[in-house]
Structure formats: structure tokens, C-alpha cells
Amino acid sequence: MKARAFDYIRPATVAEALAAFAEAEGDASYIAGGQSLIPALALRLQAPARLIDIGHIAALRGIAVEDGWLRLGALTRHVEAHDHPLIAVHAPLLALAAPYVAHPAIRNRGTLGGSVALADPASEFPAMMLAMAAEIEIVGAEGTRRVPADAFFQDLYQTALEPGELLAALHIPVARPEQRCAFDEIARRRGDYALVGCGIRLTMPRDRVEEAHIAFLAVGPTPMRAPAAEAALIGARLDAEAIRRAQAALARDLDPPEDGEVPPAMRLHLARVLLGRLLGRLQDQIAEAA
Amino acid sequence: MNAPLGSLDRPNSYIGRSVARPNAKRLLAGRGRYVTDLALPRMLHAAFLRSPYAHARIVAIDAEAARAMPGVRLVATGADLATLCTPWVGTLDHFTGMKSAPQLPLPLEEVLWAGQAVVAVVADTRAQAEDAVEAILVEFEDLPPVADIDIARESGADRAALAVEDNLCFRSRLDTGGIEAIFAGATHVVEEEFHFGRHTAVTLEPRAILADWDASEGKLTVHHATQTPYQFQDLYSRHYGIPEASVRVIAPDIGGSFGMKLHVYHEDMAVIGLALLCRRPVKYVADRMESFVSDIHARDHRVRARMAVDGDGSILAMDVDDVTAIGAFSAYPRTSAVEGNQVIRLMGAPYGFRNYRAELAVVFQNKVQTSQYRAVGHPIACAVTERLVDMAATRAGLDPVAMRAKNLIPDEAYPCASPTGYRFEALSHQASLARLKALMDYDGLRAEQAALRACGVHRGIGLAAFVEISNPSPAFYGIGGARISAQDGATLSITPSGEVRCLISVTEQGQGTETIIGQIVADQLGVVREKVRVITGDTETTPHGGATWACRGAGIGGETALQAARRLRDNVLALAAAILQARPGELDLRDGIVVDALSGAERVSLAEVARIAYFRSDTLPPDASAQLSITHHYAPQGYPFAFTNGIQGCHVELDVDTGLVKILKHWVVEDCGRIINPLLVDEQVRGGVVQGLGAAFFEECRYDAGGQLTNGSLADYLVPMAGEMPDIVVGHIETPTADTVLGAKGCGEAGTAAAAAAALNAVNDAMVPFGASIAQIPMTPARLLKSLGKI
Ligand SMILES: Cc1cc2nc3c(=O)[nH]c(=O)nc-3n(C[C@H](O)[C@H](O)[C@H](O)COP(=O)(O)OP(=O)(O)OC[C@H]3O[C@@H](n4cnc5c(N)ncnc54)[C@H](O)[C@@H]3O)c2cc1C
């Protein structure tokens, strides 16, 4: 299929972009890397009258550390999550997850801002925003605001972004030495959207878990934290018993939707298997370090 | 490794050599010319409105708004095209009792599957045509869809197509007699119900057609991504009433076909009519979404089968019941019943037992038509047989290798016939089994398996012996009334510079047909291969022939080329003898030079012979005949099919917590008779294995209860990718057929025939410690977790 005809505008500033959107009276779409939008246009699932290409707006670029936060401009590419030294050091979960996102050609074009703004529940990066306790910087007619990741993802493809607003940057608290993280996913083929995926960040100043962030992808309408499983770990040593408790608690956190190929019980089962394996991996790391 | 090629088996023979494909560089350099690349002056583009319903009546079509859209040249409905094109029916005379509703390019009243083309739009660009499609209003009245094979067969069931009286397309029975008594008396009986999912070909290049009607000459030229140009020349001619000689079908470069590109598709037939109506060239290229809902699908069988075995593990009998669902029509012109027919006839084919009973029911339902796709029927017959053999081995207390060694037909027993009536000239099951066992270090793998099980790692080893049908004679289609040729033709000529042109009816879709034909001609004529140019895929230039399907390219096309080259060589030597005042028998043609046959001394070059023939015929003796072009046809006359055989081994590791399977390695030992090009045979086998593993683990067209395809995109329909594929080791045994000089049989379907069966056995082997088993492909994580009782 061929996309329907559309106007194409390439603004140089955020202000121009916002104005171009306002002018189109709702019948417009921003385009960043195009890796989700272009297929949707080609399938005529979406047919905005106007495309506003934000790819040349300098203010949406850049990777920098300031005041204990890593700032990633919205246009940061997937491949940079894969390769960039600042990301590897300060946001290791992004670097761990990046190889699982699509294939190199797509990672060269896809942007982190686009992935998070789209908020596909099966995507890796949005879930990692939850696991890293990131904040999302939004810019709109009313100015700029920062929304914690927990409040950003609201429902299926629904986020705190109002129509016409831009996701400007992702802010990630820099990783601390007492934090350990792990990521993995279960997919039928390398590079596919996963059947289930999970990113974990445990804060363990001594031998007990002080803070736990466990985020799943592909288990519900949004990327999801697992508060009951997290609670099962708080204050505990990471041992077989604690891991089993966290796995059991998942039934309270996740209620996967019906899906032809993957029944809810199977997704929950896989989430448990994956959680057990990731926590086991961290347990091994701790044992090795000791 | 090669068997000797009689008197012409020379030290530097091209036959048996891994020659690279001459067309590979051109394709890699982007100089391929696919139908999509063609742009003719005044060319228009077609798009189709497709039915959203699996079954519905067309109440009204309102295309007024669409006709007024920018760039739109024509909007055509079923009624518009029915005035030009006669209907077709997908039955064959020798399938007694078979029925199917008549078909037209676009439907008049009833749509029979979700995705069926209903209205065509022709516009200046494809995008404009698609815009106009969105503006067409079709009022449908929902009819009950038939989506379940059991419900379809109930008496009084809703009908998938109102034009036929019930949902039974065809049924067939085979019975050697006395089966019940044999099963009653057998020491062991194993039985299972198997499910084989639908899948589809997913060629890299989708279907594509460009029809050009020249009203001034009354001539239709069709550029068509097809395997079988002559078949389509005949069909376009007969259904549109254009004399055969005024229809030219050109198959340019083709990006894969696997059997999918030899069936009549409604859109393709429509495009011919659209070109006639517009009097301008009209192009249609299926996009991937359209491919999923309109390319033929394949498989979709449910088989209940049992095997009787005596106390020492000898197989006594098989009893099989196959139900297959094909769509609402039987495909044209090869039908949708061939797969089921081959399933029940290939069951147990590698084994020596004599007692057999089978029942086949081919059932209509409101889905895309199924029809012939790579290894038609083989994977099903093979998986059912081989799984039962493994189950029987367990019951008899035999290792799978020992069980097969005991029951496979002995290599000295030929010629012989299967209980289903197939006649085997000479196969090598026992030699293949022994070779495979050594190649895969079977005993080593078994020891490793036992050791790893103790550490919670679950590996499985699966074997699957197979028989492949190749080189069909006219007994296949011709006898059933289809104008599908079992013979092939080649025209060979020497150019004035001493080069060779070979125009041949077999076609190239990426498998290397042109390469092997070039090798055979160079070898048998006696010229260097670079001097041979092979031209295929054009009804205006190549002689008539069946083209490439059922692995007939090498066996029949190759023999045609061989015989043609020998005849031309005789002509060259006769002429050279006249020029040299020698006797033809004293001369030979080697590497483009006429030499003294005994001493090898050079006498005259082929180029010089050609120069004299074309420009200085005045210097020839008066009775010399310079026939430097010949046309030759060849049709198989001995066995009705050239059967090939082999065996595959698959090694997997099953993650019992996730249901994911890692395919560790795969082995194939195959016997395709004479190997013309080992490199290409290995590629064919590996490619075939990958398609078989795709069926085993990934590929499935999934439908909901209402007959809607729910995974019709490459995001949801999983094809096997390089990352998941194992190393595939290929070994060869060569048992040439004595029916031809060349001795080649086919090799294109061998990989697909048994890969899924070997994988099925391997996964079941891995599950033995859990008392679990699976009898369904694809073996998805969900199905495996269910078998293991994890969900
Ligand atoms: C074959 C294939 C496989 C894939 N596999 C995966 C996978 O395994 N995992 C995965 O996570 N993703 C996968 N993707 C999707 C890919 O990661 C996308 O690139 C990403 O989801 C979107 O980023 P983008 O820059 O390309 O956004 P675009 O496609 O340009 O835009 C996506 C949406 O976000 C909006 N948008 C973009 N940027 C902004 C912004 N700054 N502010 C506000 N709105 C914005 C757009 O308007 C649009 O609605 C795959 C894609 C393909 C084609």
C-alpha cells in the first residue's frame, strides 16, 4: 500500500514546530525517526494531512550529565543507547535493553523520544523509563514541565503528552554504585517484540535490598511496574526464598490481556520465569563480588 | 563422489562441478529486472477493493465517487470482466467426483473469503488507485462463514460456496485389504492425531503482473512473475479468447516462487481484462498485506493415524485418515486436492510394509485457497510416518536408528512399489541412514544427551527418512485434462563467433536453473561454459515446455539440454568433417575446438567452423549441411515419477520453562541421482530445510472462528530468520536414474519434505523425561508449555 498524500514541514525550532501543529487543527503528526510512523502511514492506519519533521530541531538533541541527571534529547537514536559511553555508565539499563530493540537499520533511525512518546507497551525503552525512575520533559504552548515516568504512561498508547505537545528530553537519575541492574526478554526470534521483557534496578547499599524497581514490557496496556514483587524484595537478602516470594507476588501485579497466541496464564508464567532468572543472575553477581 | 556419466564422463566435466551462478553478479549489482522494475509508456496501475467479510453477498456497489477521483481511468466490477473472461473450475478429470464452484476474475454476487478482490480501480499511480478504492462503497450482506473443518463436514452445514451442494470438494480411499485383522493381531499399535498449520510461501518478490494489450495487432503481452509462462499463455488465450500465438508471456527475473507462482490468481486474471478495457498497459504488484490474503496457502491438515508393529519391531501396517481444508474454491488449474492426494500416497513410503488403508477428505471453507507449495504433501506424510515410527520404536524397545535400519526398504530390493502404488526404480535408504548416523555422530549425541539431562539441560535428537516425488510424467496433470506440459524443449544455436545460445522452456526463480543448463550444454557440446548463454522465460522465444515445478528442472530440463547438445554436437562434427575432409567419428569437440578424437590434436576452432557456415558456405562441399541450430524436445517415458530419497537429523535444546527451542544443528543425507552442481544442490537442500523448520516452529496463518486472518503481516507471521537457523550439514549419495542419460532427479523439495518431521521427533525426544509429547506444528512456545503442563 501507498501512504495517502500529506504536507511535509521541517521546522528548525520547537516554537515553529508547535505553531505548525497548532495551525493544522489537529490533523498533523510529528515525525522523528519514522520507524513506527512510516509503517502506519504505509498501511493507511494513520493519514495525517501534515507531517512535521522534528529531526532538525537542535534543542531536541544532545546527551549530557547535569546535577546527578543524565539528559537525553528526544532525538537520541536507539543506536546511541547501544553505543554511547555516557549512557553505558549512567543509564546501564538502556544499554542493556538496546540490543533487543529491533535490528541495526531500525536502531540507526529510531529515536528514544519517539519510542517513549509512542509508548508501545511491548517496547523496551518505555519500560526502562519506569525501571530507572526517569522523568520525561514535555514542551507545549504552556511551556515546559517534567513528568515522572510512573505518571507518564497512562493507558494503551496514552501518555501525559497532550495533543501538539512535544517530548523534549528524557532525564535519568545517574546510576549509583550500590545499584545493580539486569535486563532480559523472551522473544520467539531475535529482534522481535518480546512475549515478555523485564528490566530490574535494585538498590542494595549493603546486603539487603533497600529499593527495588521492576518494570515489565508486553504484559498489559502500558509498560508496568511490579509493586507487589518489589515489596517482596524490600529489606530482604537476595536469596532463593526472596526470589520465590517475588515470583509469587507477580500474580497481584500483572493481569495480562487475552491475546490469541499468548494466553494470559502463559504471559504470567513467562514473567515469573523471567523475573526468577534475572534475580538469580543478580544473586550470582552479588555472590561473585563477595 | 559422482557416478560415472557413461562414455562422456571426462576429467574436466562441468557436470558435477560447483560452478558459481553466472547471473549472481548481475542480481547483486542491482541489475535484475523484475516485473516491478518495468515501466512501459502509458502504463497504468491497478488496486483492488477487498472483502472484509469471510463470506457475504454483494448487495450493491457504488463507485461513482471513485470514478471522479484524480487520475482514475477505470473502475471495474465482476460484471464488467465477466463479459470478457470465461469462468474456470479447479478440478482435474482423474480426481473422480471432485467439485468446485466456477470462478471469475472478480465475483458477481458472493465473496468467499476475507481479502478476496471485489472491485478493481485503474489509475495513473498506485497511490491514486488506492485513494479511489477507499471511496468505493460496497454493501455486503453477511453470510455464515465456514471456518472449522468438522463443522464444515456435518450434514446440513452452512456452505462455504453457495454454488456447490456441500463442503466436500473431493474424497479418496486406498485400501490393500484386511487392515482391521492386522491391527487386531499386532503386538503393538501406536496412534496419534496430528495437526498441521496453514502456512504460505512469503517469496521475497511478491506476485506481480504487467499486461499490455496492443489492439492494433490484437496482441497481448504479459510480463508476469511466474514459474510457468506457457501454462499462462494457454490460460490467457483460452479464457480471453485470444489466439494462442497472439499471447506472449514473459517471466523476467523472479524473486522466489516455491510453487506459489504457478496458480491462477483472480487479480492476475483481472489485470488482463483491465488492460483490454483500458487499451493501455496495466500493472499490479501485490503488497505484503495482499500477499497474505491472496497468495495460496498450504498444508492445513488434520491426520489421525495408527501403525501396527509386531513383537520384534517390524512395521506391519498403517491406517490413516486425513482431513484437509482448502478454501472456498479449489485452485486452478492444478487444483487444491493434489496435496491431500500426495499425503495419503506418500505415507510410509520409505518403509517395506505392505498393508495400508487411507481415507482423504478435502473440505471447503471460507479462507484463502490452498494449493501446491514446495514439497506438496511430503512434510505431512513424513511427519506422521516418522513420528509413528519413533513411537513404535519406543514400544518395541528399539533405538530410532535400529528401528529404521530394520524397517527401511533394503537397498537391494529395487525395483519395488509402495503399498499405495508408487513404483520405485532405485533408492538408497539404508546407505543414507548409515551415512547420517556417522555424519551426526549419533552415538556421541546420545551420550551427551544423557549427561546433560542430569544437569537439567534437555536436548533432543530426531530422525526422519523421506521419499521425494520429482520429474512427473503426463500421468500427473496431462491425464487429468490440464494443459500442463510434462515435456520440455530447447533450441540451441551456434553464433557466427562460435558462441552458444540455449533457449529452454525450464525457468529460473533463483534456484540456479540457468546455471545447471549452461553446465550441461557446455559439457555435452564441448565448449567452455562462459560461451553458453541460457535464455528462459519467454513464450515468444523458447520452445514450449512445462517449465520449473515439482523438481523437474534438472531431471527433465537437464535431459532436454543434454540431448539437444549431443545432437548439435553431431551437426558441428559432421560439418567440421566436411570442412576437414575427415570422418565425423574421428573428431571430437573439446573446449570449443574440434580436435582429433584419438590424439587430441587441434584441427579447427568452432568459431572457424561457424564463420565458414555462416559467411563462406560457398567453400563447403555441395552435400554439406550446415545445421548450427537445432530444437529438441524431451518427455519422460519410463517411470511415471523419478523418486528421490534421503534422511534428516535434527538436534534441539528445549527450554522447558519458556517453551523456546534452540535448533542446535541439522543434517541431511540425500540422494537426488546425478549431482550436476554440488553447490546448488546444497543450497537447495539448505533452503528447503529452512522452510521446513519455519513450518515446524514459526510459520502459521492463524484464523479466528469467523474466518479472519489474524496475523497477516510480517510483524505477526513469523518466517524463519538466519539468527534462529542452525548450521545445516549436507551429505550425498548418488543413485542416478537409468531412465535418462543424465541420471539426475530433483532436489528442490527434499529439505522441506522431512525437516519438520525431524524437528518434531527431536522435540518429542527432548520431552521424554517429562512424559510429554506434541503432535502439532508449528511447535510454538504456547503449545509446548501446554504439552509440558506448565500452563
Ligand atoms: C521492523 C521493526 C521492528 C521493531 N522492533 C522494535 C522492538 O523490538 N522494540 C521496540 O521498542 N521498538 C521496535 N520498533 C519500533 C522502533 O523502535 C521505533 O523507532 C520507535 O518505536 C519510534 O521512534 P521513532 O523515532 O522512529 O518515532 P516515529 O516513528 O517518528 O514516531 C512515532 C510516534 O511518536 C511520535 N513522536 C515521535 N517523536 C516525538 C516527540 N519528540 N514528541 C512527541 N511525539 C513524538 C510521532 O508523532 C509518532 O506518533 C520496531 C520498528 C520496526 C520497523
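Quantities reported herein were computed from a predicted structural model and do not represent experimental measurements.

Broken down by element type, chain A carries 12 helices and 14 strands. Its C-alpha radius of gyration of 19 Å places chain A within 12% of the 19 Å reference for a compact globule of 290 residues. If you line up chain A on its principal axes, its C-alpha atoms span 60 × 45 × 35 Å. Out of the 290 residues belonging to chain A, those deemed buried represent 54%. Residue pairs in contact within chain A that sit at least 24 positions apart in sequence constitute 61% of those at least 6 positions apart. When the accessible surface of chain A is split by element, carbon and sulfur atoms take 53% of a total near 12500 Å². Averaging the coordinates of the 29 positive side-chain charges in chain A and doing the same for the 36 negative ones gives two points 5 Å apart.

Residues and elements named next belong to chain A. Neighbouring residues of the ligand: 30 residues in total, closest Y30, G34, T111, S123 and E124. At 2.7 Å, a side-chain N or O of S123 approaches an oxygen atom of the ligand. In isolation the ligand exposes 960 Å². Once the protein is present, 87% of that is buried. Mapped onto the shell around the ligand, the elements with two or more residues apiece are β2 (28-31), α7 (112-118) and β10 (166-173).

Take the UniProt feature "domain: Aldehyde oxidase/xanthine dehydrogenase a/b hammerhead" (unreviewed entry) in chain B next. If you check UniProt for "domain: Aldehyde oxidase/xanthine dehydrogenase a/b hammerhead" (unreviewed entry), the listed places come out as residues 29-144 of chain B in our numbering. Span residues 29-144 of chain B is 16% helix and 29% strand, its end C-alpha atoms 51 Å apart.

Time to look at the interface of chain B and chain A. On the side of chain A, 22 residues touch chain B, which itself brings 25 residues to the contact. Each partner contributes to the roughly 2100 Å² buried at the junction of chain B and chain A, and carbon and sulfur atoms together form 57% of this total. At the surface where chain B touches chain A, the tally comes to 7 salt bridges. Its salt-bridge partner being D131 of chain B, residue R44 of chain A comes within 2.9 Å of it at the nearest N-O pair. Here chain B is connected to chain A by 11 residue pairs in polar contact (both at pLDDT 80 or more). Those elements that provide at least two residues to the side of chain B that touches chain A are α4 (126-134) and α20 (781-787) of chain B.

Within the structure shown, the criterion is met by 19 aromatic pairs over all chains. Members of the aromatic cluster, joined through ring pairs, are Y422, F424, F476, Y477, W549, F641 and F643 of chain B. Taking the ring centre of W69 of chain A as reference, the NZ or CZ of R146 of chain A above it sits at 4.8 Å.

Let us look at the domain arrangement of chain A. When cut into domains, chain A gives domain 1 (7-53), domain 2 (58-173) and domain 3 (179-285). The gap between the C-alpha centroids of domain 1 of chain A and domain 3 of chain A is 36 Å.

Let us now look at the environment of G241 of chain B. Residues and elements named next belong to chain B. Considering the arrangement of structural elements, one finds G241 in the loop between α7 (229-240) and β11 (247-250). For G241, a relative accessible area of 62% gives the class exposed. Considering only alpha carbons, one finds G241 and T86, 155 residues apart in sequence, at a separation of 8.5 Å.

Residue and element names in this part refer to chain B. The assigned domain composition of chain B is domain 1 (24-31 + 487-634), domain 2 (35-143 + 202-294) and domain 3 (378-471 + 640-787). Between the C-alpha centres of domain 1 and domain 3 there is a distance of 40 Å. At the junction of the two partners, domain 1 supplies 17 residues and domain 3 supplies 18 residues. Taken together, both faces of the contact between domain 1 and domain 3 bury some 1200 Å²; the carbon and sulfur share is 64%. On the domain 1 side of the interface with domain 3, the three residues burying the most area are Q511, C551 and E559, jointly 36% of the side's total.

Time to look at the side chain of T513 of chain B. Residue and element names in this part refer to chain B. With respect to the secondary-structure elements, T513 resides in helix α15 (residues 513-525). Look at T513 and you get buried, because its relative accessible area is 4%. Setting aside residues up to four positions removed in sequence, T513 forms contacts with V506, T507, E508 and T548.

Residue and element names in this part refer to chain B. Spatially, β21-β20-β19-β25 is the arrangement adopted by the 4 strands of the open sheet, whose pairing is mixed. Whereas interior strands pair on both sides, the edge strands pair on one side only; in this sheet they are β21 (532-535) and β25 (629-634). Neighbour-to-neighbour, the strand axes of this sheet turn through a mean angle of 20°, independent of strand direction. For strand β19 (residues 488-494) and β25, the ladder comprises 6 bridges, and the chain directions are antiparallel. Looking at β25, one finds that L492 is bridged to I630. Here α15 sits on the sheet in contact with β19, β20 (500-504) and β21, set at roughly 140° to β21. Against the sheet, helix α16 (residues 553-580) engages β19, β20 and β25, with an angle of about 145° to β25.

Right, let's talk about the pattern of salt bridges for a bit. Residue and element names in this part refer to chain B. Enumeration over the complete set of coordinates arrives at 67 salt bridges over all chains. The shortest N-O distance in the salt bridge between R552 and D488 comes to 2.5 Å. Of this pair, R552 sits in the loop between β21 and α16 while D488 sits in strand β19, and the two are 64 residues apart along the sequence. Grouping residues by exposure puts R552 and D488 together as buried. Here E700 ties to R783 by a salt bridge, and the two come within 3.1 Å at their closest N and O atoms.

Turning next to the sheet that holds strand β6 (residues 135-140) of chain A. Residues and elements named next belong to chain A. Taken in spatial order, the 5 strands of this open sheet run β4-β5-β10-β6-β7, and their pairing is antiparallel. Strand pairing shows two members of the sheet lacking a second neighbour, β4 (63-66) and β7 (143-148), which therefore form its edges. Within this sheet the neighbouring strands show an average axis-to-axis angle of 25°, counted without direction. Of the strand pairs in this sheet, strand β5 (residues 69-73) and β10 are connected by 5 bridges, and their pairing is antiparallel. Within β10, the residue paired with L70 across the bridge is I172.

Now for the pairing of β5 of chain A. Residue and element names in this part refer to chain A. Bridge count between β4 and β5: 4 bridges; the pairing is antiparallel. The residue bridging A64 from the neighbouring strand is R71, located in β5. The hairpin turn running from β4 into β5, its antiparallel successor, is 2 residues long, and D67 in that turn takes a positive phi close to 50°.

How each quantity is defined
- Residues numbered from 1 in each chain as written.
- Chains lettered and ligands numbered in written order.
- Predicted model: local features only at pLDDT ≥ 70, side-chain atom pairs only at ≥ 80, totals over all residues.
- Heavy atoms only, no water.
- Helix = DSSP H or I, 4+ residues; strand = E, 2+ residues; numbered from the N terminus.
- Rg over C-alpha atoms; globule rule 2.2 N^0.38 Å.
- Buried < 20%, exposed > 50% of the residue type's maximum accessible area, 1.4 Å probe, protein only.
- Contact = heavy atoms within 4.5 Å.
- Areas by Shrake-Rupley, 256 points an atom, 1.4 Å probe, with all protein chains shown as cover.
- Lys, Arg positive; Asp, Glu negative; His and termini not counted.
- Charge placed at Lys NZ, Arg CZ, Asp CG, Glu CD.
- Near = heavy atom within 4 Å.
- Polar contact = N/O pair within 3.5 Å; in protein donor to acceptor, adjacent residues only side chain to side chain.
- UniProt positions renumbered as here; feature names shortened; annotations may be inferred.
- Buried area = accessible area lost by both parts, 1.4 Å probe.
- Salt bridge = Lys/Arg side-chain N within 4 Å of Asp/Glu carboxyl O.
- Phe/Tyr/Trp six-rings, centres within 6.5 Å; stacked < 30°, edge-to-face > 60°.
- Lys NZ or Arg CZ within 6 Å of the ring centre and 35° of its normal.
- Domains from an automatic or database assignment.
- Pairing = 2+ DSSP bridges.
- Axes fitted to C-alpha atoms, helices over the stretch in contact; angles between N-to-C directions.

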